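Residues per chain are reported as follows:
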Amino acid sequence: MAKAFAKPICLSDQETHYCPGCTHGVIHRLVAEAIDDLEIAGRTVGIAPVGCAVICYNYFTFDFQEAAHGRAPAMATGIKRVRPDLIVFTYQGDGDLASIGMGEIVHAANRGEKFTTVFVNNAVYGMTGGQMAPTTMPNQKTTTSPFGRNVEEVGMPIRVAELLASLATPAYITRQTVLSPKHILKAKKAIRQAFQYQVDNRCFSFVEVVSTCPTNWGMTPADAIQWAEKTMLPYYPLGDLKTPESVEEA
Amino acid sequence: MAKAFAKPICLSDQETHYCPGCTHGVIHRLVAEAIDDLEIAGRTVGIAPVGCAVICYNYFTFDFQEAAHGRAPAMATGIKRVRPDLIVFTYQGDGDLASIGMGEIVHAANRGEKFTTVFVNNAVYGMTGGQMAPTTMPNQKTTTSPFGRNVEEVGMPIRVAELLASLATPAYITRQTVLSPKHILKAKKAIRQAFQYQVDNRCFSFVEVVSTCPTNWGMTPADAIQWAEKTMLPYYPLGDLKTPESVEEA
Amino acid sequence: MQSEVMFAGFGGQGILLSGKILAEAAMEKELEVAWVPSYGPEMRGGTAYCTVVISDNPIASPIIRNPMHLVAMNRPSLEKFAGTVKPGGVILVNSSLIPIASGREDVDELSVPVTDIAAGLGNVRTANIVALGAFVARSGIIDFETLKETVRNEFKQKKKFIEMNMAALEEGRKAAA
Amino acid sequence: MQSEVMFAGFGGQGILLSGKILAEAAMEKELEVAWVPSYGPEMRGGTAYCTVVISDNPIASPIIRNPMHLVAMNRPSLEKFAGTVKPGGVILVNSSLIPIASGREDVDELSVPVTDIAAGLGNVRTANIVALGAFVARSGIIDFETLKETVRNEFKQKKKFIEMNMAALEEGRKAAA
Amino acid sequence: MTHKHRIETNRCKGCGLCVTVCPKNVLELSDQVNVKGYFPAYQARPEDCIYCTMCCIMCPDVAITITKESKKAAQPQDA
Amino acid sequence: MTHKHRIETNRCKGCGLCVTVCPKNVLELSDQVNVKGYFPAYQARPEDCIYCTMCCIMCPDVAITITKESKKAAQPQDA
Amino acid sequence: MSKVLMKGNEAIGEAAIRAGCLNYFAYPITPQSEVAEYLSRRMTEVGGVFLQGESEVAVSYMIFGAAACGERVFTTSSSPGISLMSEGISYICGAECPAVFVNIMRGGPGLGGILPSQADYLQATKGIGHGDCRMLVMAPASVQEAVEMVMQAFPLAEKYRNPVMILGDGLIGQMMEPVSFRDDLKVPPTNKDDWATSGMDTRKSTKRNLVKSLYLDPEVLNAHNLKLKAKYDRMRQEEVRYETYNTGGDYRVLIVSYGTMSRVCRSAVDALKARNVETAMVRPQVLFPFPEQAVFDAAAKSSCTHVLSVEMSMGQMVEDIQRSVQGRRPVHWYGKCGGEVPTPEEVMEAVEALLQS
Amino acid sequence: MSKVLMKGNEAIGEAAIRAGCLNYFAYPITPQSEVAEYLSRRMTEVGGVFLQGESEVAVSYMIFGAAACGERVFTTSSSPGISLMSEGISYICGAECPAVFVNIMRGGPGLGGILPSQADYLQATKGIGHGDCRMLVMAPASVQEAVEMVMQAFPLAEKYRNPVMILGDGLIGQMMEPVSFRDDLKVPPTNKDDWATSGMDTRKSTKRNLVKSLYLDPEVLNAHNLKLKAKYDRMRQEEVRYETYNTGGDYRVLIVSYGTMSRVCRSAVDALKARNVETAMVRPQVLFPFPEQAVFDAAAKSSCTHVLSVEMSMGQMVEDIQRSVQGRRPVHWYGKCGGEVPTPEEVMEAVEALLQS
Ligand SMILES: Cc1ncc(C[n+]2csc(CCOP(=O)(O)OP(=O)(O)O)c2C)c(N)n1
Ligand SMILES: Cc1ncc(C[n+]2csc(CCOP(=O)(O)OP(=O)(O)O)c2C)c(N)n1
Ligand code: SF4
Ligand code: SF4
Ligand code: SF4
Ligand code: SF4
């Protein structure tokens, strides 16, 4: 039962700027653990989004690029096409990936670009102060949906993993969460798997992570976790939506 | 058995600039027939794409706007939000809608914007000289895929109707074709239905039409029809993918 | 005559609101005012500050590097800004959280345990109002009655807060006496 | 010395190719050349034309509104451009498709049924080469041997076309005699 | 009441699609070029026409119409 | 060999998530503010700790580590 | 008129409503997200349209579509977001639709920073999009002026059937100042029946309207461009707007500055006067068209030996000043770009350095 | 050197390959789609990268990502497509990456037309994106010059770690002319180990590289902008490039013109000489930095009474000429924009009209 636990090597020592209880920190660690595990830090290039994770490069020790809002998949495409030997991942929030960057992620996924995307779905725009995201839950209040998301007016939240899984090109598409240690351990496996597919030059790989934003939800970290479990998980079911194997079998 | 057939009223007299046998002409007529039928020309605003149909407004007699490449759904959103009483449709090619305009169509569909999109899928960029489109078939030769579409390199063709149907917001999403009179009569019904949903202020409605581009395919019109039947229809199956009723039941 | 007040502290200490209330009070007196916030990318933590400029003439530059007065709600703020205050100005130090003094000889330094006073009133979140009361009482930058009126107005939507905040103002005034 | 030739006709008549071959032949002779196409948005139909400028000095403006010569492959082209040709130039009229004349007295008008000749050779698509042969023979703009060499080169990938096109050139030359 | 099948020769682009869909094999492409340079369709066997409108429905250029008309009115329009 | 549970007090943001996931209810938030102004977690009942790493896994700030160490080495590091 | 203390961003949102514009589409970006936050409530109250678009590209076309229907419509963004609207703004110019764009500038290039800047001057006044397109660009120096300019922008956009931009720095958006909303600035919309695609029934007409920017015939496109050029030339005649400060007496240095920066310069002019260094200022309130003549005249004054452009940028307006001054006086630049607004003291130093040189 | 007859667009594609750039991302648009069509074959032959992106916005970031890895990379587009790259170009400037952008201009604004134009001058030279960003802009007047400039653009982009734009009009892309590919213009890439995100193992380093444009601290962002400004100032020192024509003798009118238009003007200068009207021309080959001094000197010549900017636009470069001439001579504009290239005769008329005025 007793185990050891240490900071992954390719995670830097720097303390993060995230709010207390923000799950970005956990997800960073899982990415770092996967990269450590696969011993690929020396050939990895990360791509930071525009969102709360915009300076996430400060927390990793390998090469990094900073994208424009939503364009990380295009940058990753640029890198992988000219340097297929590099391991590339994008780390993107839901405003970044699902709103302004929808075209880029759909096309990168559909072309089967061989990079990995870690998609942090916290149902809100964090960095800019809690505006509505495409993933905001029905009736959820945000600074631009002060009366709650009205689905009659702006539609239902987008399930990005399902959307991408509906494309015909083979890919690894999974949805995970970090709401409890058990979930975190599963998410860790999924992220490792996503990188593994890339190392094997297999396919595009995509890990959606259902997350929290206690600050903009106006909750304590513990309450945020409960809210996400109760409200988000039923709408954003966990698990693998697509694997390259499942496509080949079909 | 014997019937009459006349040009729809809201189709102008002007001869089109389309190539011989190009199915854009048929689809224009079907749109005009639906608008005549519903007697809505006086409150309709069409939106022309950038593509071979860029000057399609010359062939209709009601108000029209000309969009930028891919942005017709955003323009339609702008109109419907400020003038919900108007009937608005976008007419878009596959380069326009599925490549550069992917973000706009996904978001308009997901918000449930109450306009109608007629999506002409001819598997190629027509106007600019036959470049590869997201809908180009595997191994199909185009001016930018001179050795045929290599799915290992650029992925599988995008099935836009399926992609949009995977969104949770209620909508009418159907795929039709105009490869034969029988198909045309079905497509006519679907287009009329799409406008009907809009007239009823019900939901976003979307009609994909599998079409031909004899010129850029380098075929006679008759051969183009055969090729589309043989190659495209198996990959782009016809029929309704989603109706607002089906969502409500689910 | 122009005078400037910098309010500084942790985000969440109500810094921006104190400034806004002062600015509104001055506006009531038909003075020219400008309220200039610091704004940064981080949602939480770090130092928040704002400057209120009050003048009987149109305000030229609203960017003030040397304010007349400072209300320092936490230690980093005092350390960062104490040196910028003009000679003769008031420096209010929230002694509940700041164990040190400004070190300035040429200013009117006023040490008030505003957080403790607020806690005593039953709500630490009124610390900013305690500080405002103390600062206005000492500096005389506007008359106290107008300030009270403005605070009353500010909370008119949430009646139950009015009393608590009026008490906070009074406690501040007493502490500054 | 600079001279310009406009090739004009329907899209699909090989207009751009005739111009390109002439330009390449001139380039072989170490002359300066520029080939300027018309380009439009429509894939099919309408009038296509290109201008070839040949000079022994660097070419200044490649935009020519009054060319020295005109090769008109269809009626709209003749009608549109006949008036622009400089006095003394050659106007080749494809009499297979053009039932009218240029109406110009001050030019060297040459009427050749190039489409019919090409059909006689077994492939209407060589009409452009027939016209080119006739035009070069009449205008003497470059020597015929170089032209033949260039055509041979142009089709070197598709050997089976070489012979047909050489025959087309010859027929053109004969028609111009 | 009778039916009238009419092809606007100068609107036709000679694509031949009407020819292929006619169930009674009525139509053919002409060998006379029209003003646009196309070889337009015409009713080679008008007597076989059953006015099913298949050709009209297929024609991308709305070059074919079928009208119902009383015999009287038909003639002047035909001129 | 033994295990060592360590919370970097100044890295901790006092979010309390470790407290909620500890299966043995070992952790609590301190009432002493840290340099960042947060109330950090600490092992209120270290004797109950089973070194399951649940808190480490949950902590968004990598503020908790558990190391295996020989007893000898442990002490100087602990200082 | 009663005054309220308002943040620039909120005041801008309110001003649009007071101007009769009830349609707003936008995408969040610091330092102007408060406009959207404010209007997400306010538009509901007044029965207007608030929609958060999926991107700035999409927003620019939502604006286009709505404007082409003849409805008053506006958006707000900040520097990177405005770049994404380039194509859309060019289309709106080409299609001759009125619309209002607000750019609350932050430091650049790229992601840059989020603090105030004036580094989009050249983009706004010269290079907003491809083709021969221009916008009228207004530059407020206070929240009150921002409010007035927003209210004036709608009728101006309609007068020219062209987009109008309000170019404010981050401080204009973030600062609170007392504002009053002048009812007299509310101008009823022009009749758009002859061009707007409002639906034929709506305008009781059988003539259809068409909004487009494509002109395949080169002569027609040239004529269209000449028509646009005539509009821009008319703006040059009718819309120049500027303020002078201390230009009455003899001054040695002419400062040209706009927006927040000009307020700092005003302090500097006063403080320099106290030191017996006479300076004057021209403050363009409209940046395109640029007050060429006013700057020329002020620079040509015999006492004046130097002209100084003071900008929160690496030297952009200085090019227009050089153009205007026509070699009569040396033209210099002083500025910063990154978010820190230069202080009066820094401007004074720059002026004094000039005079020592 | 052997010459081949090539279409400008194809020659541009080939030139990049000859320059050692084997990476191309683009989106089709008339009048430059032939570059993509050509390279879709050629890159396969040479083992390079050809990818048709989903949009110009995406392409600009594919370029950014690839450039940030230290690889030579380029794209081509035309006016509306370039507007969509505005934000991306600003990011690439901010992040200091080398890359080459080719704009084969068509008439605008909006969808405009597809025929040649020079209406993106101000956008390219002044307003390509938000923030204080600039590009070196080269303007070829022939297919041969286009080829040479493309080959020179890569080392220049690397010298400055900044994007370089080749600004050609549609004719440069569509015309065929004889070209030779000069091997001597092929310059090996610079060592990018100190900044490019090429993977730590690749450069055998334990120091990681970071490519970014965000600087939240205003002082740091200001310093970063000053660094960029220093680069642009260095360009102003080192990269001015122009050609003069007939400036030797006494002339009455100075024409300033670039690209295809300058060739027409050259014909006009010759034809006017034949009519005893002496004119001269300065042709900027690089548009930013602008040859201010050369234009000033040529305009200041005592015989010269007028300066005429001849452009396929509604008057854009004329602003730079006004700035350069510093009031010494009246500066005029003549131009067209819509696709028709003015003829030598039209230019001659414009010159003669000037002299009669
Ligand atoms: C083009 C552009 N538009 C808008 C912004 C402003 N912006 C920065 S972050 C952000 C939203 C980020 O939200 P999300 O992607 O959900 O990430 P989170 O902050 O929640 O982690 C926005 C809109 C920008 N920087 N650039
Ligand atoms: C921003 C922008 N990019 C590119 C183009 C060039 N362009 C015009 S039409 C077109 C493709 C049209 O193809 P599609 O949408 O499939 O329609 P089709 O012509 O086949 O009907 C392109 C790329 C443009 N006009 N604007
Ligand atoms: S605002 Fe939300 S997403 Fe951003 S750091 Fe705070 S909790 Fe995390
Ligand atoms: S190019 Fe293709 S899509 Fe365009 S008109 Fe011709 S056949 Fe139709
Ligand atoms: S379908 Fe229409 S266009 Fe085609 S041949 Fe028949 S009549 Fe002519
Ligand atoms: S989870 Fe981490 S940051 Fe949160 S209280 Fe525990 S140790 Fe501190």
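Per chain, residue numbering runs from 1 following the sequence as it is written. The order in which chains are written sets their letters, starting at A; the order in which ligands are written sets their numbers, starting at 1. With pLDDT at 70 or above as the cut-off, local features in this predicted model cover only qualifying residues; side-chain atom pairs require 80 or more to be listed or tallied, and sums for whole chains, interfaces and linings still use all residues. Working from all heavy atoms in the structure, the side-chain values ignore hydrogens and water.

1. Quick word on the overall build of chain G
Secondary structure elements are taken from DSSP: a helix is a run of H or I of four residues or more, a strand is a run of E of two residues or more, and numbering for both begins at the N terminus. Counting secondary structure elements, chain G contains 13 helices and 15 strands. Note that the radius of gyration is over C-alpha atoms, with the globule rule given as 2.2 Å times the number of residues to the power 0.38. Rg of the C-alpha trace for chain G: 21 Å, near the compact-globule value of 21 Å for 357 residues, within the 12% margin. Seen along its three principal axes, the alpha-carbon backbone of chain G occupies a region of about 70 × 50 × 40 Å. A contact between two residues is defined here by any heavy atoms of the two lying within 4.5 Å. For chain G, the share of sequence-separated contacts (at least 6 apart) that also reach a separation of at least 24 residues comes to 81%. Counting rule applied: Lys, Arg positive; Asp, Glu negative; His and chain ends not counted. A single reference atom marks each charge: NZ on Lys, CZ on Arg, CG on Asp, CD on Glu. Distance from the positive charge centre (36 side chains) to the negative charge centre (41 side chains) of chain G: 4 Å.

2. A closer look at the pairing of strand β7 (residues 163-169) of chain G
Side-chain positions along a regular strand alternate between the two faces of the sheet. All names here are of chain G. Relative accessibility thresholds used throughout: buried, under 20% of the residue-type maximum; exposed, over 50%; partly exposed, between the two (1.4 Å probe, protein chains only). In terms of burial, β7 is largely enclosed, as seven of its seven residues are buried. Pairing between two strands is assigned when DSSP locates at least 2 bridges connecting them. Strand direction decides the pairing type here: strand β5 (residues 99-105) and β7, joined by seven bridges, are parallel. Within β7, the position partnered with Asn103 by the bridge is Leu167. Bridge analysis of strand β6 (residues 136-138) against β7 gives three bridges, and the strand direction is parallel. In the strand pairing of β7, Leu136 is matched with Val164.

3. Section: the interface of chain A and chain H
Counting from both sides, the interface comprises 34 residues of chain A and, opposite them, 32 residues of chain H. A buried area of about 2600 Å², summed over both sides, lies between chain A and chain H, and 61% of it is on carbon and sulfur atoms. Buried area is a sum: the accessible area each of two parts loses on coming together, probed at 1.4 Å, counted once for each and added. Contact with chain H buries area across many residues of chain A, yet A:Asp63, A:Glu66 and A:Val82 alone supply 22% of it, more than any other trio. In what follows, salt bridge is the name for a side-chain nitrogen of Lys or Arg lying within 4 Å of a carboxyl oxygen of Asp or Glu. Applying the counting rule to chain A against chain H returns two salt bridges. Here H:Glu54 and A:Arg111 are joined by a salt bridge, their closest N and O atoms 2.8 Å apart. Contributions of two or more residues to the side of chain A that touches chain H are made by β2 (63-66), α2 (72-82) and α4 (102-111) of chain A.

4. What about the site of ligand 3?
Being near a molecule or strand, for a residue, comes down to having at least one heavy atom within 4 Å of it. Every one of the 11 residues lining ligand 3 counts as a neighbour, but A:Cys19, A:Cys22, A:Cys52, A:Cys213 and A:Asn216 are closest to it. Close to ligand 3, residues of chains A and C are found. The leading source of residues in the shell around ligand 3 is helix α8 (residues 214-217) of chain A, at three residues. The residue makeup of the shell around ligand 3, split by class, is seven nonpolar, four polar and no charged. Polar here means any residue outside two lists: the nonpolar Ala, Val, Leu, Ile, Met, Phe, Trp, Tyr, Cys and Pro, and the charged Asp, Glu, Lys and Arg; Gly therefore counts as polar.

5. Quick notes on the sheet that holds strand β7 (residues 239-242) of chain B
Pairing within the open sheet is mixed, and its eight strands lie in the order β7(B)-β5(B)-β6(B)-β4(B)-β3(B)-β1(B)-β2(B)-β9(G). With one partner strand each, in any of the chains shown, β7 of chain B together with β9 (210-211) of chain G form the two edges of the open sheet. A fitted line through C-alpha atoms represents every axis, and for helices the fit uses only the stretch in contact; the resulting angles, taken between N-to-C directions, go from 0 to 180 degrees. Packing of helix α1 (residues 24-38) of chain B onto the sheet brings it into contact with β1 (44-48), β3 (87-93), β4 (116-121) and β6 (204-210) of chain B, and relative to β3(B) it is tilted by some 170 degrees.

6. Quick word on the interface of chain H and chain G
You'll often see interface size given as the accessible area lost when the parts meet. Each side of the interface is counted separately: chain H has 58 residues, and chain G has 58 residues. A buried area of about 5000 Å², summed over both sides, lies between chain H and chain G, and 58% of it is on carbon and sulfur atoms. A per-residue breakdown of the area chain H buries against chain G is headed by H:Pro109, H:His130 and H:Met314, which together make up 14% of the total. Between G:Glu319 and H:Lys126 there is a salt bridge whose closest N-O contact spans 2.7 Å. Looking at the side of chain H that touches chain G, the elements that each hand over two or more residues are α4 (79-84), α5 (86-94), α6 (121-125), α9 (218-238) and α12 (317-325) of chain H. At nine residues, the largest contribution of residues to the side of chain H that touches chain G is made by α9(H). Taken together, the residues of the side of chain H that touches chain G sort by class into 19 nonpolar, 26 polar and 13 charged.

7. Observations regarding the relation of the copies chain H and chain G
Of the transformation placing chain H onto chain G, the axial shift is 0.0 Å and the rotation is 180 degrees, giving an RMSD of 0.0 Å. As the rotation angle and translation indicate, the two copies are arranged about a two-fold axis. Interface residue correspondence from chain H to chain G reaches 100%, placing this contact among same-surface, isologous pairings. The copies are overlaid by a least-squares fit using only the C-alpha atoms of residues whose pLDDT is at least 70 in both copies.

8. With respect to the domain arrangement of chain G
Residues and elements named next belong to chain G. Just so you know, the domain bounds were taken from an automatic or database domain assignment. Taken as a whole, chain G is organised into domain 1 (4-238) and domain 2 (242-356). Once you take the C-alpha centre of each, domain 1 and domain 2 turn out to be 28 Å apart. Taken together, the contact between domain 1 and domain 2 spans 32 residues of the former and 26 residues of the latter. Between domain 1 and domain 2 the total buried area reaches about 2300 Å² when both faces are included, carbon and sulfur atoms providing 56% of it. A per-residue breakdown of the area domain 1 buries against domain 2 is headed by Gln118, Tyr121 and Ala141, which together make up 30% of the total. The tally of links between domain 1 and domain 2 comes to three salt bridges. Note that Glu145 and Arg283 form a salt bridge whose closest N and O atoms lie 2.8 Å from each other. The definition of a polar contact used here is a pair of N or O atoms within 3.5 Å, where within protein one atom must be able to donate a hydrogen and the other to accept one, and adjacent residues in sequence count solely through side-chain atom pairs. Our enumeration of links across domain 1 and domain 2 arrives at 15 residue pairs in polar contact (both at pLDDT 80 or more). Only α6 (121-125), β6, α7 (143-160), β7, α8 (170-174) and α9 (218-238) provide two or more residues apiece to the side of domain 1 that touches domain 2. When grouped by side-chain class, the residues that make up the side of domain 1 that touches domain 2 number 20 nonpolar, five polar and seven charged.

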